Amino acid sequence: MRRRLMAVASWVAVLAAVSSPAVPAAEAGPRFDLARTVARWDALARSITGDVAELRASERLNYRRAEGGIAECMRAHGRPYQKAPFISLYRDFTDADVGYGNGSATIVDSLTAGTSRFELNEYAWLRARRADVLKRRARPADMGVANRCALVYQYRSYLDIVPPANAYRLIAFQDLVPPLYRDPTVAKAWRTYDGCMNGRHGYVPGMDRSDFLFIALRGVPGSPEWQSKLTELKAVLATDVECRRPAYLAAMRLLDERLDGWEQKHRAELLAIRREWRERVAAAARLPR
């Protein structure tokens, strides 16, 4: 399944792809403000997966830990080693790009995120490939030692951010999002989705909407092949928004009613996650530039 893993690294990939830069118009309802709920939903997701400053700080700490650790290990074995260059995958991101977004194929995915996060991911990894950050810069005769040094870090790149404890579990919202589908009003609206996608546009979503929605962007970002796939992705996401909107509005209204209870239930875990993200920012600020 291709779900939130469209993100720029395996975490952000859980993170991934997640943005709501604008808010769709909604029908007025008693005590329900869609714009406020969307903003709160994005902020909650960001508090778990990290804002841009927190993600960039994590990259710097990971670089010092992994690349710095391998370099120290190689020195201890008397072998030369050149650290990979540092780049930030989040260089061009803003906090608006790392909200709940539309990378999870859920009923409450953003209606307004479009392909922004997908494009940012693609260009970020293009920069990483061009910088060759995944290459071990050791002499061929020393690669065995370099690999043993890297084993301590499970051969993972410094770009592969590990989030705070419980973040993976909470960002799935398993006790919040799946129950929305069982609400009678939401379920009634959701039953129109497949018919809309197929009858009006010829799409056949299938059982797993993530496999249908997230068209792989092949080729080099910016190339004709890549642009062609991007056009396909934009079309299918726009159609999804059109057909999902009635169910989305019903689900977001219900989500608004349940967010307080969910946050209270997970208050201790959320506070611990926020504390660790803040500690990472503080620790990165102390690193030499």
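It should be emphasised that the depicted structure is a prediction, and the values quoted were computed from it without experimental measurement.

*Asks:* I'm lost on the pattern of salt bridges in this one. Help?
*Replies:* Summed over the entire model, instances satisfying the criterion amount to 15 salt bridges. Here D240 makes a salt bridge to R244, at a shortest N to O gap of 3.0 Å. Taken together, the positions of D240 and R244, both in helix α9 (residues 224-265) and 4 residues apart, correspond to about one turn of that helix. For the pair D240 and R244, one class covers both residues: buried. As a salt-bridge pair, R280 and E276 come within 2.8 Å of each other at their nearest N and O atoms. With R280 and E276 both in helix α10 (residues 267-285) and 4 residues apart, this pair spans about one turn of that helix.

*Asks:* Quick question: what am I supposed to make of the nonpolar core here?
*Replies:* The tendency in soluble globular proteins is for nonpolar side chains to be buried side by side. If you look at the biggest cluster of nonpolar residues, it comprises 60 residues, and the most contacted ones within it are W41, I48, V108, F173 and M252. By residue number, the principal contributor to this core is α9, which donates 11 residues. With residues near it in sequence (within four places) discarded, F173 still touches W41, L44, I48, Y100, P178 and W262.

*Asks:* Help me understand the environment of I171, please; the structure alone is not making it clear to me.
*Replies:* Take I171: it is sitting in helix α5 (residues 167-171). Distance in space between the C-alpha atoms of I171 and I48 is 6.5 Å, their sequence separation being 123 residues.

*Asks:* Sorry if this is basic, but what is going on with unusual backbone geometry here?
*Replies:* Residues apart from glycine generally show negative phi values, whereas peptide bonds are mostly found in trans. A positive phi is found at D132, a non-glycine position, where the angle reads about 55 degrees. Its place among the elements puts D132 in the loop between α3 (116-131) and α4 (143-151). A positive phi angle, near 50 degrees, is found at F173, a position not held by glycine. Take F173: it is sitting in the loop between α5 and α6 (184-190).

*Asks:* Got a minute to help me understand empty space enclosed by the protein in this structure?
*Replies:* The method is simple in principle: a probe with the dimensions of a water molecule rolls over the atoms, and the space it marks as empty is what remains. Within the structure shown, the criterion is met by 2 cavities of 30 Å³ or more. Here the second largest cavity is characterised by a volume of approximately 30 Å³. Lining the second largest cavity are N102, A105, T106, D109, R209, L213, L237, D240 and R244. Contributing elements (two or more residues each) for the lining of the second largest cavity: α8 (209-213) and α9. When residues of the lining of the second largest cavity are assigned to their parent elements, the largest contribution, 3 residues, is made by α9. When grouped by side-chain class, the residues that make up the lining of the second largest cavity number 3 nonpolar, 2 polar and 4 charged.

*Asks:* What am I meant to see in the confidence of the model for the protein here?
*Replies:* Low pLDDT means the predicted coordinates in that region are not meant to be read closely. Confidence along the protein averages 89 in pLDDT terms, with 90% of residues attaining 70 or more. Mean pLDDT across the elements of the protein ranges from a minimum in α8, with 83, to a maximum in α10, with 98. Every residue in residues 1-23 scores below 50 in pLDDT, and together they form 117 contacts with partners more than four places removed in sequence or on other chains. Under a pLDDT of 50 for its full length, residues 25-29 has, in the predicted model, 8 contacts with residues more than four places off or in other chains.

*Asks:* Just checking my understanding: could you explain α4 for this structure?
*Replies:* Each turn of an α-helix holds 3.6 residues, which means side chains three or four residues apart point in the same direction. Of the residues making up α4, those classed as buried are V145, A146, C149 and A150. Relative to the axis of α4, the buried residues are bounded by an arc of 135 degrees and lie together on one face. Of the surrounding elements, those touching the buried residues of α4 are α2 (52-76).

*Asks:* So what exactly am I meant to see when it comes to the layout of surface pockets here?
*Replies:* In this model, the second largest pocket occupies a volume close to 220 Å³. Along the walls of the second largest pocket sit R60, Y63, R64, G68, A71, E72, R75, K83, F86, L287 and P288, which together make up its complete lining. Along the lines of polarity and charge, the residues of the lining of the second largest pocket split into 5 nonpolar, 1 polar and 5 charged.

*Asks:* What exactly am I supposed to notice about α2 here?
*Replies:* Taking 1.5 Å as the rise per residue, α2 with 25 residues should run 36 Å; its terminal C-alpha atoms sit 35 Å apart, in good agreement. Along its length, α2 shows its largest kink, about 25 degrees, at G68. Capping the start of α2 is the job of one residue whose side-chain oxygen sits 3.2 Å from the backbone nitrogen of A53: D51. Positioned one or two residues after α2, G78 has a phi angle of 70 degrees, which is positive.

*Asks:* When you look at the environment of C196 in this model, what are you seeing that I'm missing?
*Replies:* Its location among the elements puts C196 in helix α7 (residues 193-200). Along the backbone, C196 and R244 are 48 residues apart, and their C-alpha atoms lie at a distance of 8.7 Å. Setting aside anything within four residues of it in sequence, one finds C196 in contact with H201 and C243.

Here is what the cut-offs are and how they apply
Residues numbered from 1 in each chain as written. Predicted model: local features only at pLDDT ≥ 70, side-chain atom pairs only at ≥ 80, totals over all residues. Heavy atoms only, no water. Salt bridge = Lys/Arg side-chain N within 4 Å of Asp/Glu carboxyl O. Helix = DSSP H or I, 4+ residues; strand = E, 2+ residues; numbered from the N terminus. Buried < 20%, exposed > 50% of the residue type's maximum accessible area, 1.4 Å probe, protein only. Core = buried A, V, L, I, M, F, W, Y, C linked by side-chain atoms within 4.5 Å. Contact = heavy atoms within 4.5 Å. 1 Å grid on protein atoms, 1.4 Å probe; cavity = no way out; pocket = protein on both sides within 12 Å on 5 of 7 lines; lining within 4 Å. Points joined across faces, edges and corners; volume = space filled by probe spheres on them. Nonpolar A, V, L, I, M, F, W, Y, C, P; charged D, E, K, R; others polar. pLDDT = per-residue confidence, 0-100. Arc of directions from axis to C-beta. Expected span 1.5 Å × (residues − 1). Bend = angle between axes of the 7 residues up to and from the residue. Polar contact = N/O pair within 3.5 Å; in protein donor to acceptor, adjacent residues only side chain to side chain.

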